[in-house]
Amino acid sequence: MTNLGIVIEQIVKNAAQHTTSGYIRARFDYNGEDLTVAVQDTGCGIPADQTEKIFERFVTTDSGNSGLGLSICQEVVKLMGGRIRLKSEVGKGTIVWIIIPCTASEVVRS
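This structure is a prediction, so every number in the text was calculated from the model and none was measured.

Our next topic: the confidence of the model for the chain. Averaged over every residue, the pLDDT of the chain is 87; the share at 70 or more is 89%. Here helix H2 (residues 48–51) stands out as the least confident element of the chain, with mean pLDDT 83; strand E2 (residues 34–41) is the most confident, with 97.

Below, the discussion takes up the sheet that holds strand E1 (residues 24–30). Picture the strands of a sheet paired through backbone hydrogen bonds; they go either parallel or antiparallel. Read across the sheet, 4 strands follow the order E1-E2-E4-E3 without closing on themselves; strand pairing throughout is antiparallel. On the outer flanks of this sheet lie E1 and strand E3 (83–89), each paired with one strand and no other. Going across the sheet, the axis of each strand differs from the next one's by a mean of 15 degrees, ignoring polarity. Note: E2 against strand E4 (residues 93–101), 8 bridges, orientation antiparallel. Bridged to Ala 38 within E4 is Trp 97. Running at roughly 140 degrees to E3, helix H3 (residues 69–79) makes contact with E3 and E4 of the sheet.

Its location among the elements puts Thr 36 in strand E2. When sequence neighbours within four positions are dropped, the list of residues in contact with Thr 36 reads Arg 27, Phe 28, Asp 29, Trp 97, Ile 98 and Ile 99.

Conventions and cut-offs
- Residues numbered from 1 in each chain as written.
- Predicted model: local features only at pLDDT ≥ 70, side-chain atom pairs only at ≥ 80, totals over all residues.
- Heavy atoms only, no water.
- pLDDT = per-residue confidence, 0-100.
- Helix = DSSP H or I, 4+ residues; strand = E, 2+ residues; numbered from the N terminus.
- Pairing = 2+ DSSP bridges.
- Axes fitted to C-alpha atoms, helices over the stretch in contact; angles between N-to-C directions.
- Contact = heavy atoms within 4.5 Å.

Below is the structure:
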């Protein structure tokens, strides 16, 4: 699995852990310069005072987890030259954007 695949898998796992009803939706968009992966859920959401800290090591909203998953994701995305953004509302859900700079190349078959 690629680094981006591992990051997406972790974000979706987090969404699944905190979504008991509703949906988890992933969307991919490419604009010629960046690939954006958006993962949106209708889970419990993250309190506003925790959204700034959620990507720090050992910070978690769930006491059963280590709090390393999102911090590792952020580091991997940074190493790819990208960034992660998050928007959340308690009781309504969360959306996480992973933005990776990239350019598509045409595959020529002979």
